[in-house]
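Notes for the structure review
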Amino acid sequence: ARSFHDKLNVMYITVSALSFAAKLPESIEKGTWILSQLGEDIPVSSLDSDIQMHVVQTRLMLNQFQDSDLLNYEVMTDRSKMMAMRFLAMLETSFMMAKPSSQAFVTIKMVQLSISHGMSRIS
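Residues numbered from 1 in each chain as written. Predicted model: local features only at pLDDT ≥ 70, side-chain atom pairs only at ≥ 80, totals over all residues. Heavy atoms only, no water.

**Quick look at unusual backbone geometry**
With a phi close to 60°, Ala22 is a non-glycine residue in the positive phi region. Structurally, Ala22 is set in the loop between α1 (8–20) and α2 (24–37). (Helix = DSSP H or I, 4+ residues; strand = E, 2+ residues; numbered from the N terminus.)

**Observations concerning the environment of Gln112**
By the secondary structure assignment, Gln112 is in helix α6 (residues 103–117). According to the relative accessible area criterion, Gln112 is buried, its value standing at 13%. Along the backbone, Gln112 and Phe95 are 17 residues apart, and their C-alpha atoms lie at a distance of 18 Å. Sequence-distant contacts of Gln112, that is, excluding residues within four places in its chain, are made with His54, Gln57, Thr58 and Met61. At 2.9 Å, the side chain of Gln112 and the side chain of Thr58 are in polar contact. (Buried < 20%, exposed > 50% of the residue type's maximum accessible area, 1.4 Å probe, protein only. Contact = heavy atoms within 4.5 Å. Polar contact = N/O pair within 3.5 Å; in protein donor to acceptor, adjacent residues only side chain to side chain.)

Purely geometric numbers; function is a separate question.
Here it is in structure tokens:
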């Protein structure tokens, strides 16, 4: 493994192992660092106003679609975004258990990625 992208599967296993070992803060720290390297930052704020702002942004993104549009939406092909979705899905539980006030940002990020880059099997 030479590049960052070559190491992503091993990093995914490492972050998963930290989560399964109940080392949730470490799992979250490592997982969010990897996401930032993939260009997907998770806000650290857990203020209701920040969460509401992100919900409104996401709702505006969704308002341009009908349900049928989303059911037939393009498929995500960017490998970095697909891997980011894997990390986000895995971090959902860690955030829910260790930082429940910030867990909404993980879900919002997944929805935004799906809208911006296409649907994946994780969407």
